Amino acid sequence: MAIVTTPKKACAVNPLKMSQPIGGAFAFMGLRGAMPLLHGSQGCTSFGLTLFVRHFKEAVPLQTTAMSEVATVLGGYENVEKAILNIYNRAKPEIIGICSTGVTETNGDDVDGYIKLIREQHPQLAKFPLVFVSTPDFKDAFQDGWGKTVACMVEVLVEAPAVGAERDPARVNVLPGCHLTPGDLDELRTILEDFGLKPSFLPDLAGSLDGHIPDEFTPTTIGGIGVDEVAGMGRSSWTIAIGAQMRRAAEAMQAKSGVPFRLFERLCGLIPNDEFIAFLSDISGRPVPAKYRRQRGQLSDAMLDAHFHVGGRKLAIGAEPDLLFDLSSMLHEMGAQVTAAVTTTPSPVLERIGTKEVLIGDLEDLEELARTRNCDLLITHSHGRQAAARLKIPFYRAGFPMFDRIGAGHQLSVGYRGTRDVIFNIANLVIADREENHQPTPDSWRTSRRPLKPGRRSFIDATEGSIA
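Residues numbered from 1 in each chain as written. Predicted model: local features only at pLDDT ≥ 70, side-chain atom pairs only at ≥ 80, totals over all residues. Heavy atoms only, no water.

A word on helix α13 (residues 290–310). Given 3.6 residues to a turn, an α-helix orients residues that are three or four positions apart in the same direction. Along its 21 residues, α13 runs 29 Å from first to last C-alpha, staying within 8% of the 30 Å computed at 1.5 Å per residue. Of all the bends in α13, the greatest measures close to 25 degrees and is centred on L304. Against the buried residues of α13 lie α8 (182–194), α12 (270–284), α14 (321–333) and α17 (415–437). Residue G312 follows α13 closely and has a positive phi angle near 85 degrees. (Helix = DSSP H or I, 4+ residues; strand = E, 2+ residues; numbered from the N terminus. Expected span 1.5 Å × (residues − 1). Bend = angle between axes of the 7 residues up to and from the residue. Contact = heavy atoms within 4.5 Å.)

Set out below in structure tokens:
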């Protein structure tokens, strides 16, 4: 069992975490025709927008209430009102999602009261979907904002089914965590449909941020799940939640509609996917398709091939709790040693990570731990690239943001195929590093530095590196 500790530094020197309102806005981007709105200063929104655009290499809709110093002190009602009316009249969205920021939370703006007053004064907005989530960025982290927002979507948008209403046995709700990419959601959709199930993803980033080019420009999100489909999720037979962060949303779905849920804390690895596939076979009443039996065999072979390169390696990982738990558990099962683990926010899964200590800290902490514990591989998002260069160890990019590589939205880590790809990518990094920086030389062939006796001839076995 890992011990979870928090450093007592006065500030984050090299931040690892992204803020809670950014996570909330990210969740709203999985709705069709949505416009996320940050209630705060323009700088807060500009920073988040830059991260999203650099990560996905796509145009991303994100607006702000543009709070000034005076408005922050006097209250932001007029800013919220003007922002909502401008977005409603110009962008023609299907829904507006509002996330608070630190400056407005500190002032104590009653945004729920603002929305009620705006609806009364503007009849055209009386039934228009307006969802507000409290996401102060002075506490919690990216995945907390995502989890709170999805739970709020369920509470506001999902309609409770009528008493005695029949449920569709083939329909399944899927609540994915923020650590899953659009590529992961596409893979999950294919798996569910192969079992004859009809999945509804909330949020559905695979429909909105998968990199497709629309026929016509729209200022709101392109694709994603519609508000009408979200309303009907209460008539599904099951809810599948992926990641511990989604427990709150799954419980909200069950409380409002009575739909039972099953939580899968991770889907990267052999055993978690065996459990996932067995569950789908059980609820669908169908046998496991032959393609997944073959993919399982491919994953088993990949683990066998790669463990010679990954096993015994010392790893340093910095990520949000669910992603940290997912990747570290899979690599621990491959024989790797997770000797440095740093995360952003408390979570119930942290104590079950296969390491001695998990530190809630920043990238400076991760770099220092990796140095003192002689790690062989660094895993974190793109802000860790300088640390990997200073440590002179291979660097595997995972999480958000990933701005110095393309295809971040299509990275795959779930299912048998996704796990196989992650294993190959990491093993190949280790192999390439060994070939580039650890080529054997005549000096390194000798494993013993003891001088030979005078007159004794030596035989160097180049294969084993021994002296006879």
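There's plenty left to go through after this.
This part covers the environment of F403. Tracing the backbone shows F403 in the loop between β14 (395–397) and α17. On the accessibility criterion, F403 (10% relative accessible area) is buried. Linking F403 and H383, residues 20 residues apart in sequence, is a C-alpha distance of 8.8 Å. If near-sequence neighbours (up to four positions away) are discounted, F403 is found in contact with R54, K57, S382, H383 and R385. (Buried < 20%, exposed > 50% of the residue type's maximum accessible area, 1.4 Å probe, protein only.)

Turning next to the UniProt feature "domain: Nitrogenase/oxidoreductase component" (unreviewed entry) in the protein. With numbering matched to this structure, UniProt assigns "domain: Nitrogenase/oxidoreductase component" (unreviewed entry) to residues 19–430. Here residues 19–430 is 47% helix and 16% strand, with 32 Å between the C-alpha atoms at its ends. (UniProt positions renumbered as here; feature names shortened; annotations may be inferred.)

On to the layout of surface pockets, then. Leftover empty space is mapped by rolling, across the atoms, a probe with the size of a water molecule. Estimated volume of the largest pocket: approximately 460 Å³. Together, 33 residues line the largest pocket, and H179, L323, A398, G399 and F400 are the ones closest to its centre. Breaking the lining of the largest pocket down by element, the ones donating at least two residues are α2 (42–56), α8, α14 and α17. For the lining of the largest pocket, the leading source of residues is α17, giving three residues. Taken together, the residues of the lining of the largest pocket sort by class into 18 nonpolar, eleven polar and four charged. (1 Å grid on protein atoms, 1.4 Å probe; cavity = no way out; pocket = protein on both sides within 12 Å on 5 of 7 lines; lining within 4 Å. Points joined across faces, edges and corners; volume = space filled by probe spheres on them. Nonpolar A, V, L, I, M, F, W, Y, C, P; charged D, E, K, R; others polar.)

Our focus in this paragraph is the nonpolar core. Within the largest apolar cluster, 104 residues are counted, with the highest numbers of intra-cluster contacts made by L202 and L280. Per-element accounting of this core gives the leading share, eight residues, to helix α7 (residues 142–157). Core analysis: the next-biggest nonpolar cluster, separate from the first, contains 19 residues, Y77, L85, I96 and V111 among them. (Core = buried A, V, L, I, M, F, W, Y, C linked by side-chain atoms within 4.5 Å.)

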